[in-house]
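Structural description and commentary
The lines below spell out each chain.
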Amino acid sequence: MKRVLAGLLVLAVVLSTGALAGCGANNTTSKGSEEKVTLKVYNWGDYIGEDVIKKFEEKYNINVVYDTFSDNEVMHTKLKSGGGDYDVAIPSDYMIKRMIDEGMVKKLNFENIPNYKYIDDSFKNLGFDPKNEYSVPYMWGTVGIIYNKTMVTDKVDSWNILWNDKYKKQVFMLDSQRDSIGITLKKLGYSLNTKKMEELENAKEELIKQKELGVVQSYVGDEVKDKMIMGEAAFAVVWSGDAVFMKRENPDLEYVIPKEGSNLWFDSMVVLNNTQHQKEAELFINFMCETDIAFENADYIGYSTPHTEAKKQMSPDLLSDIAAYPTKEQIKNCEVFEDLADSIRDYDRIWTEISAK
Amino acid sequence: MVKRIIMKSYLGLVLLFMYLPIVVLIVFSFNKSKSRGNWSGFTLKWYGELFQNSQIMDSLYNTLLLALISSVVAVIIGTFAAIGIHNMKKFKKSVVMNLTYLPVLNPDIVTGVSLMIMFVFIGSLIGLKMGFLTMLLAHITFNIPYVILSVLPKLKQMNKHLYEAALDLGATSMYALRKVIMPEIMPGIISGFLMAFTLSIDDFVISYFTAGSGVSNLSITIYSMARTGVKPTINALSTLMFVSVLLLLILINIRASREEKRKRQYDA
Amino acid sequence: MNRKWVSYPYFVWMLIFIIIPSLLILFYAFTVRDEQGIRFTLDNFYKFCEPIYITVLLKSLGLALFSTFVCLIVGYPVAMILASKQFSRSTTLSMLFIIPMWMNFLLRTYSWLTLLEKNGIINAILSFFNLPRLDILYTNTAVVLGMVYNFLPFMILPIYTVLMKIDGKLVEAAQDLGGNSLTVFSKITLPLSIPGVMSGITMVFMPAVTTFVISKLLGGGQYTLIGNFIERQFIQLSDWNFGSAISMIMMIFILISIGIMSKFDEDKGGGAALW
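Residues numbered from 1 in each chain as written. Chains lettered and ligands numbered in written order. Predicted model: local features only at pLDDT ≥ 70, side-chain atom pairs only at ≥ 80, totals over all residues.

1. A short note on the overall build of chain C
- The helix and strand inventory of chain C stands at 12 helices and 2 strands.
- Going residue by residue from the N terminus, the α and β elements of chain C occur as α-β-β-α-α-α-α-α-α-α-α-α-α-α.
- Across its three principal axes, chain C shows a C-alpha extent of roughly 75 × 65 × 30 Å.
- Sorting the 275 residues of chain C into buried and exposed places 51% on the buried side.
- Here the analysis covers contacts within chain C between residues at least 6 apart in sequence; of these, 67% occur between residues at least 24 apart. (Helix = DSSP H or I, 4+ residues; strand = E, 2+ residues; numbered from the N terminus. Buried ≥ 20, exposed ≤ 12 C-beta atoms within 10 Å, placed from the backbone. Contact = placed C-beta atoms within 7 Å.)

2. Some thoughts on the overall build of chain A
- When you go through chain A residue by residue, the secondary structure sums to 13 helices and 10 strands.
- Seen through its C-alpha atoms, chain A measures out along the principal axes to roughly 70 × 65 × 40 Å.
- Put simply, chain A has 357 residues, and 49% of those count as buried.
- Contacts spanning at least 24 positions in sequence make up 79% of the contacts within chain A whose residues lie at least 6 apart.

3. Focus on the interface of chain C and chain A
- Facing 24 residues of chain C, the contacting portion of chain A comprises 21 residues.
- In terms of residue count, the dominant contributor to the side of chain C that touches chain A is helix H11 (residues 226-235) of chain C (4 residues).
- In the side of chain C that touches chain A, the residues fall into 11 nonpolar, 9 polar and 4 charged. (Nonpolar A, V, L, I, M, F, W, Y, C, P; charged D, E, K, R; others polar.)

4. A few points about helix H4 (residues 93-101) of chain A
All names here are of chain A.
- Counting buried positions along H4 yields 8 of 9 residues, so the element is predominantly enclosed.
- Buried within H4 are the following residues: Asp 93, Tyr 94, Met 95, Ile 96, Lys 97, Arg 98, Met 99 and Ile 100.
- Just beyond H4, the residue with positive phi is Gly 103, at close to 70°.

5. What about the interface of chain B and chain C?
- Contacts between chain B and chain C engage 78 residues on the former and 73 residues on the latter.
- Those elements giving two or more residues to the side of chain B that touches chain C turn out to be helix H1 (2-27), helix H3 (54-86), helix H4 (90-105), helix H5 (108-126), helix H6 (132-157), helix H8 (173-202), helix H10 (218-225) and helix H11 (232-267) of chain B.
- Class assignment for the residues of the side of chain B that touches chain C results in 54 nonpolar, 17 polar and 7 charged.

6. So, the UniProt feature "transmembrane region" (unreviewed entry) in chain C
Residue and element names in this part refer to chain C.
- Residues given the UniProt feature "transmembrane region" (unreviewed entry) here are residues 12-31, 52-76, 96-116, 137-160, 197-219 and 240-261.
- Counted over residues 197-219, helix gives 87% and strand 0%. Its end C-alpha atoms are 28 Å apart.
- Secondary structure across residues 240-261 divides into 100% helix and 0% strand, with the first and last C-alpha atoms of the span separated by 31 Å. (UniProt positions renumbered as here; feature names shortened; annotations may be inferred.)

7. Quick notes on the nonpolar core
- In terms of nonpolar packing, the biggest core is built from 253 residues, with Val 88, Ile 146 and Phe 235 of chain A touching the most fellow members.
- Residue contributions to this core peak at 17 residues, all from helix H7 (residues 140-164) of chain C.
- Setting aside anything within four residues of it in sequence, one finds Val 88 of chain A in contact with Leu 39, Val 41, Tyr 42, Met 269, Val 271, Ala 281, Phe 284 and Ile 285 of chain A.
- Counting 10 residues, the second largest nonpolar core, distinct from the first, contains Leu 200, Leu 207, Tyr 347 and Ile 350 of chain A. (Core = buried A, V, L, I, M, F, W, Y, C linked by C-beta atoms within 7 Å.)

8. Comments concerning the UniProt feature "binding site: spermidine" (unreviewed entry) in chain A
All names here are of chain A.
- The sites that UniProt annotates as "binding site: spermidine" (unreviewed entry) are Tyr 94.
- Among the structural elements, Tyr 94 can be located in helix H4.
- Judged by C-beta crowding, with 22 C-beta atoms within 10 Å, Tyr 94 ranks as buried.
- Discounting residues that sit within four places of it in the chain, Tyr 94 has contacts with Phe 128, Phe 337, Glu 338 and Asp 339.

9. Quick word on the pairing of strand S9 (residues 263-271) of chain A
All names here are of chain A.
- Of all 9 residues that make up S9, 9 are buried, and the element is covered over most of its length.
- Side chains of S9 alternate between two faces, with Asn 263, Trp 265, Asp 267, Met 269 and Val 271 and Leu 264, Phe 266, Ser 268 and Val 270 buried alike.
- Here strand S3 (residues 88-89) runs beside S9; their pairing, made up of 2 bridges, is antiparallel. Within the sheet, the bridge partner assigned to Val 88 lies in S9 and is Val 271.
- Of the pairings in the sheet, the one linking strand S4 (residues 135-148) to S9 comprises 7 bridges and is antiparallel in character. Pairing of Ser 135 across the sheet is with Val 270, part of S9.
- Across 2 bridges, the pairing between S9 and strand S10 (residues 335-336) is parallel. (Pairing = 2+ DSSP bridges.)

10. Overview of the packing of H5 of chain B against helix H1 (residues 8-29) of chain C
- Contact geometry of H5 of chain B with H1 of chain C gives a least axis separation of 9 Å together with a crossing angle of 105°. On the basis of their axis angle, the class for H5 of chain B and H1 of chain C is roughly perpendicular. Contacts between H5 of chain B and H1 of chain C involve Val 110, Ser 114, Leu 115, Ile 117 and Met 118 of chain B from the former and Ile 20, Pro 21, Leu 24 and Ile 25 of chain C from the latter. (Axes fitted to C-alpha atoms, helices over the stretch in contact; angles between N-to-C directions. Parallel < 35°, antiparallel > 145°, perpendicular 65-115°, else oblique.)

11. Some words on the environment of Lys 357 of chain A
- Secondary-structure assignment places Lys 357 of chain A in the segment after helix H13 (344-356).
- Once you skip the residues sitting within four places of it in the chain, Lys 357 of chain A turns out to touch Ile 208 and Lys 211 of chain A.

12. Section: the UniProt feature "coiled-coil region" (unreviewed entry) in chain A
- Per the UniProt entry, the sites bearing "coiled-coil region" (unreviewed entry) are residues 190-217 of chain A in this numbering.
- Overall, residues 190-217 of chain A shows 61% helix and 7% strand. The separation of its end C-alpha atoms is 26 Å.

13. Concerning the domain arrangement of chain C
Residues and elements named next belong to chain C.
- Considered domain by domain, chain C is made up of domain 1 (1-41) and domain 2 (50-264).
- On a C-alpha basis, the centres of domain 1 and domain 2 stand 29 Å from each other.
- At the level of secondary structure, the elements contributing two or more residues to the side of domain 1 that touches domain 2 comprise H1 and strand S1 (31-34).
- A total of 3 residues in the side of domain 1 that touches domain 2 trace back to one element, the largest contributor, which is H1. (Domains from an automatic or database assignment.)

14. A few points about the packing of helix H5 (residues 177-187) of chain A against helix H6 (residues 197-213) of chain A
Residues and elements named next belong to chain A.
- Where H5 contacts H6, the two axes come as close as 9 Å, and the packing angle between them is 100°. Comparing the axis directions of H5 and H6 gives the class roughly perpendicular. The segment H5 lies against H6, with Ser 180, Ile 181, Thr 184, Leu 185 and Lys 187 engaging Glu 199, Ala 203, Glu 206 and Leu 207.
- The residue makeup of the contact of H5 with H6, split by class, is 4 nonpolar, 2 polar and 3 charged.

15. Here we look at helix H5 (residues 105-116) of chain C
All names here are of chain C.
- Taking 1.5 Å per residue as the helical rise, H5 with its 12 residues ought to reach 16 Å, and the 17 Å between its terminal C-alpha atoms agrees with that figure.
- Counting buried positions along H5 gives 11 out of 12 residues, so the element sits mostly inside the fold.
- The set of residues buried in H5 consists of Leu 106, Leu 107, Arg 108, Thr 109, Tyr 110, Ser 111, Trp 112, Leu 113, Thr 114, Leu 115 and Leu 116. (Expected span 1.5 Å × (residues − 1).)

Here is the structure:
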């Protein structure tokens, strides 16, 4: 066994010298072509067309370091404390607002992003970036109910169905305080950005009632996709982009945006404040807005693109799918999340009380 | 004989428990559909995709390198630490042990964030950037307690006078350490190494906060895929890893048993 | 004894990578940041003294304790069998218990979902044989199962390494003197293996208290556990002060628990004897 350990030690040394040599080699190449810039991009995992980065690198002779994160808050924590030195990031709406307020993102020079003209006008000047100075939409969608047609006979058009005790253990709620409290606020006719304690208390009572009715099977995260495809429950609250995928895998599933309204979400591209390469960063954003590239991304990810020209290339099936491209009428009651600032503590308290029941 | 059968079936049962999820994981690496909720036919395409995906391959390389170096370093530091701690007076010993527990006691997020703040701070002083090195230091830190905790019981079990006897017989302390103590505690060192390696491979939160840009391990890659769905490519990778480890183990086992046989013949 | 110096590298390491970050946490726990800047306070600790948070803490400790107990009950016999002569004290065989842990945690847990779900594999097999269904997903049972699954090797390995070196002659002598196997076990094997058992308990219990992904995925987010709660303070709320304070309170609780447990350890060398 000693010999095994010794062997491992040797292997470790070999591997690490390999790594060092690799680094060394990289250094010399970058020295060789002095002007080659390295752009650092931070995005959700598996959230870009497979060849897009390579195409960008070849087209502009820029090196891209591409890293991924798993959720907005985790990304924010890391960037805020100086743990990452990225140039471009792609967070969601309310997080962008927070980053703007905290001075973490830079104003964009839209002269460098001519392709911005392709972005649908209804996705400009949204609440999180009212004058549209900081962000360019990348993907968008809604939050709604996905249900299994073989298990549900009632008409599904309202959040109320998730409080119907006919469906015991048939509902997957999201294990996310903001989303679950948000849709409950909508159900009660409030804004999902409310900071009023009274309205939040009502939402809390409503969620506790839902739990006590026994309709909730569990509060779930990303694994909900597989579960709905398997037919583990009749209803789930999901993001529209995932709904498109789920419907493809299981044709019995149907997606609706409840009439009371819901959440409209965006993932948008921003340039971070400590960047040394603003011009290249804007070049990257512009590149992501080229019609072919926007199509490639949307096609690979399966979420909805805000790009008017890319949208035209989508299959008619997808275009008529409410999960992918709802009409203006269908989303008229929807709201975009705003940053809650200190009220987030109230949300957290409420959520702890609900989950302690 | 009956006893042996009972023993074997108990081991089999526990092993079944350990390997059931692994079998499921392997089966789904051959699934045509991206979702584990839908078995839509046999395919090898994920294996093909795996080798073209440079992000996954890079993070695999980082993961293995990280696990190997961090566990070897942790074993070296931890083993010597355990020997030292074992010889301490009671009060001092319990202070040191309580401190040793801290990285395990803290939720990963607390360890991760506090190490990150420290690295950022020190980095700004000496111009060190977050990267592979900071991640490695963090991994060694949370690995050491496990090594200490597995070596200490072996030291307690050892006959106290063995080492002194060696010294009396004229061995230098280094020689006695190598020839008397080390062989006695070797099983503890090995299990400490195995645990450290395992923890390092699987860590997500601490790695996430201590890694610099451009460095990522498998856990980071996999967790960040969760929103759009972890692809069966990862299952394919796990399957390959699993099969190669198993083959290696069988190979070692065959060699060991052959050596033993030869030894037995020689003895006879 | 002049062997203490061998641990000096570790002390340096401990100072830099354990003590300094811990002081940071300590600093956060005793301060708040408001309009006037940073000030020292005990508010973070008072805030935690609400019944709802105490419930969360006690529930986490209870679940972790129970899981540790199950690990011990399941793991000890495994370690004994592995260390017995019949299996020629096979290290290779013991490796088999840790290899599953080299597959990614998230994938393994997803596999458990596939196994335990209503339409999952286990239920499919059960219904094929007309057996009653197993509906344990999203219950405490599932969380304990997940914890046992993930931490079992950390119980087996330390016990196994200790048992391997117990002098076989002692056991034989006891048998020759007429001890039945139960007496031999309780008078010889068990007492001699206590250091390994203590290490195992420590290595399972500590991470089990703070884990949150298992309870999230297998418990279905029905209740908040302390690890989960701390994670939320740090990540969702960016309230590092409150998060640090809870973390400290929890640490004290765990150290007390380990202290109590290590009373069983004869020479009390396992640490935590401070308490």
